[in-house]
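As a plain string of letters, each chain reads:
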Amino acid sequence: MNPTSKRISAAVLSLALGFTIAGAPMLAPVASAQISAGQVSNVDLDADVSLTINKYQGEFVENDGAGNVPLDDVSFTVDKVQMTNQLNTLAGWAEVNAIQAALELGTSPTTTADTWTKTTAGGTGVTFTKGTDTGFEVGLYLVTESHNLDYTVAKPFLVALPFTNAAGE
């Protein structure tokens, strides 16, 4: 075997190992985060919740936000997703995972009659708040951006409120 053949064989072997060992998780279905019963029991169903959404022009800068240019006249609709179980149960979070998987496949979740639409203005985002927006409370929400100017519209996404960290707080 000449040196060139050895290099090609080594490259093919590396690629094969990459796809079978290191690449396997990337090709496997994405597993959702595991949530424990202790974490979900910390979800306060009466918590004061709010959701602020911002839309920026160009690349978002994650540091102190300097250089981020907020866009005005961007409308967001937030719909409460109909759920059978509460977010303070494991069954509720299993339901969230199933709804998320369906959304990723293009199936919109069933929503309740609770819906809110707000438009950004004055260089600030839009905020939906319990107490200010009637019916806005702990739950799962579908956020949809309306077509706006010449900017890319975000894909619809889900937000669970309250949002808990890894410690369940």
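Residues numbered from 1 in each chain as written. Predicted model: local features only at pLDDT ≥ 70, side-chain atom pairs only at ≥ 80, totals over all residues. Heavy atoms only, no water.

### Let's talk about the overall build of the protein
Keep this limit in mind: Helix numbers and strand numbers start at the N terminus; a helix is a DSSP run of H or I with at least 4 residues, a strand a run of E with at least 2. Buried, partly exposed and exposed residues are distinguished by accessible area as a fraction of the type maximum, computed with a 1.4 Å probe on protein chains only: under 20%, between the cut-offs, and over 50%, respectively. Should any heavy atoms of two residues lie within 4.5 Å, those residues are counted as being in contact. Where accessible areas are quoted, they stem from the Shrake-Rupley method and a 1.4 Å probe; at the residue level, only the protein chains shown are allowed to cover.
Of regular secondary structure, the protein possesses four helices and eight strands. Going from the N terminus to the C terminus, the protein shows its helices and strands as α-α-α-β-β-β-β-α-β-β-β-β. The 169 residues of the protein split such that 28% are buried. Of the contacts made within the protein by residues no fewer than 6 positions apart, 68% connect residues no fewer than 24 positions apart. Counting only carbon and sulfur atoms, one obtains 57% of the accessible surface of the protein, whose full area is about 10,900 Å².

### So, the side chain of threonine 77
Worth spelling out the cut-off: The definition of a polar contact used here is a pair of N or O atoms within 3.5 Å, where within protein one atom must be able to donate a hydrogen and the other to accept one, and adjacent residues in sequence count solely through side-chain atom pairs.
By secondary structure assignment, the location of threonine 77 is in strand E4 (residues 75-81). Side chain to side chain, threonine 77 and threonine 117 meet in a polar contact 2.9 Å long.

### With respect to the layout of surface pockets
Test applied: Only protein atoms enter the 1 Å grid, on which a cavity is a set of points fitting a 1.4 Å probe that cannot get out and a pocket is an open set with protein on both sides within 12 Å along at least 5 of 7 lines, lining residues being those with an atom within 4 Å of a point. Grid points are joined across faces, edges and corners, and a volume is the space filled by probe spheres set on the points. Residues are sorted three ways: Asp, Glu, Lys and Arg are charged, Ala, Val, Leu, Ile, Met, Phe, Trp, Tyr, Cys and Pro are nonpolar, and all the rest, Gly among them, are polar.
In this structure, the second largest pocket occupies an estimated 160 Å³ of space. If you trace the second largest pocket, you find it lined by Leu45, Lys80, Val81, Met83, Asn85, Gln86, Leu87, Glu137, Val138, Gly139 and Leu140. Of the residues belonging to the lining of the second largest pocket, the class tally is six nonpolar, three polar and two charged.

### Examining the environment of leucine 45
Take leucine 45: it is sitting in the loop between helix H3 (37-41) and strand E1 (50-53). Judged by its relative accessible area of 30%, leucine 45 falls in the partly exposed class. Once the C-alpha coordinates of leucine 45 and valine 138 are considered, the two residues, 93 residues apart in sequence, prove to be 5.8 Å apart. Not counting residues within four places of it along the chain, the set of residues in contact with leucine 45 comprises Gln86, Leu87, Asn88 and Val138.

### Examining the nonpolar core
Selection criterion: Put simply, buried Ala, Val, Leu, Ile, Met, Phe, Trp, Tyr and Cys residues joined by side-chain atoms within 4.5 Å make one nonpolar core.
If you look at the biggest cluster of nonpolar residues, it comprises 29 residues, and the most contacted ones within it are Leu51, Ile53, Val78, Leu87, Phe136 and Leu140. If near-sequence neighbours (up to four positions away) are discounted, leucine 51 is found in contact with Val78, Val126, Thr127, Phe128, Phe136, Val143, Val159 and Leu161.

### Side note on the sheet that holds strand E5 (residues 111-119)
Test applied: A pair of strands is labelled paired if DSSP reports no fewer than 2 bridges between them. For helices, the axis comes from a line fit to the C-alpha atoms of the stretch in contact; other axes are also lines fit to C-alpha atoms, and the angle between any two N-to-C directions lies between 0 and 180 degrees.
If you walk across this open sheet you meet the four strands as E5-E4-E7-E8, and the pairing is antiparallel. Edge positions in the sheet fall to E5 and strand E8 (157-161), since each has one partner strand and no second. Strand-to-strand twist of the sheet, defined as the mean angle between neighbouring strand axes without regard to direction, takes the value 25°. Alignment of E4 against E5, held across six bridges, turns out to be antiparallel. Paired with valine 78 across the strands is tryptophan 116, a residue of E5. On the sheet, helix H4 (residues 90-104) packs against E4, strand E7 (139-145) and E8 and is oriented at approximately 165° with respect to E8.

### Focus on the packing of aromatic side chains
Stated formally: A pair of Phe, Tyr and Trp rings is counted when the ring centres sit within 6.5 Å of each other, with Trp represented by its six-membered ring. The angle between the planes then sorts it: under 30 degrees is stacked, over 60 is edge-to-face, the rest tilted.
In total, this model carries four aromatic pairs according to the counting rule given. Seen from their ring centres, tryptophan 116 and phenylalanine 136 are 5.2 Å apart, and the 85° between their planes marks the pair as edge-to-face. Pair noted here: tryptophan 116 is in strand E5 and phenylalanine 136 is in the loop between strand E6 (126-129) and E7, with a separation of 20 residues, a long-range link. Just as tryptophan 116 is buried, phenylalanine 136 falls in that class too.

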